[in-house]
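# Working through the structure, step by step
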Amino acid sequence: MSDIPGIPFTIDCNFDQIEINIDNGKIIEAKEVELVKNGEYIVKCNTTIYWSPLDDNVNSYDNTTNIKFYDKEHIVIKEYEINKSNDNKYYVTTIN
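The sections below set out a description of the structure shown in this document.

A word on the pattern of salt bridges. Any two side chains of opposite charge can pair if their charged atoms end up close together. Going through the model one piece at a time under the given rule, you end up with 2 salt bridges. For the salt bridge of Lys68 with Glu79, the shortest nitrogen-to-oxygen distance reads 4.0 Å. Here the residue Lys68 occupies a position in strand β7 (residues 65–70), and Glu79 occupies one in strand β8 (residues 76–84), the gap between them amounting to 11 residues. Overall, the relative accessible area of 26% leaves Lys68 in the partly exposed class. Residue Glu79 is classed as buried on the basis of its relative accessible area, which comes to 15%.

What follows is the structure in structure tokens.
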């Protein structure tokens, strides 16, 4: 695990893998994660991944970020919204 801060997510599912799409930041746990293209990842089900607000240039995002998890038919199975509060803390809201 990197020393970059991250918010953990684990998606339980009964199939081999899921796709992840994020608007900002990046997934920093890379052992079980495959980067498809910027903001899109594939990960094995039941693997804990970590979203970080920092990009490769160590810039932090202040805006809302959406993170979506898709099943093998590309249907959203989980969606979260990540926001930064005025005291510089990130919080997660479940969309579905």
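There's plenty left to go through after this.
With that settled, the discussion passes to the pairing of β8. As defined by bridge partners, β7 adjoins β8 across 6 bridges and the pair is classed as antiparallel. In the sheet register, Thr65 faces β8, and the bridge partner there is Ile82. Here 5 bridges tie β8 to strand β9 (residues 90–94), and the two strands are oriented antiparallel to one another. Each residue of the ladder has a partner; that of Glu81, found in β9, is Thr93. Between the antiparallel neighbours β8 and β9 lie 5 residues, among them Asn88 with a positive phi of about 65 degrees.

Glancing now at the pairing of strand β6 (residues 48–52). Sheet topology places strand β1 (residues 7–10) next to β6; 4 bridges connect them, and they run antiparallel. Note that in β6 the partner of Phe9 across the bridge is Ile49. Pairing between strand β3 (residues 26–27) and β6: 2 bridges, direction antiparallel. Counterpart to Ile27 in the pairing with β6 is Trp51.

Of all hydrophobic cores here, the largest spans 18 residues; its most connected members are Phe9, Ile20, Ile27, Ile49, Ile67 and Phe69. Among the secondary structure elements, those contributing two or more residues to this core are β1, β2 (17–22), β5 (40–44), β6, β7 and β8. For this core, the element with the highest residue contribution is β2, accounting for 3 residues. Residues in contact with Phe9, not counting those within four places in the same chain, are Thr47, Thr48, Ile49, Trp51, Ile67, Phe69, Tyr80, Ile82 and Val92.

Calculation notes
Residues numbered from 1 in each chain as written. Predicted model: local features only at pLDDT ≥ 70, side-chain atom pairs only at ≥ 80, totals over all residues. Heavy atoms only, no water. Salt bridge = Lys/Arg side-chain N within 4 Å of Asp/Glu carboxyl O. Helix = DSSP H or I, 4+ residues; strand = E, 2+ residues; numbered from the N terminus. Buried < 20%, exposed > 50% of the residue type's maximum accessible area, 1.4 Å probe, protein only. Pairing = 2+ DSSP bridges. Core = buried A, V, L, I, M, F, W, Y, C linked by side-chain atoms within 4.5 Å. Contact = heavy atoms within 4.5 Å.

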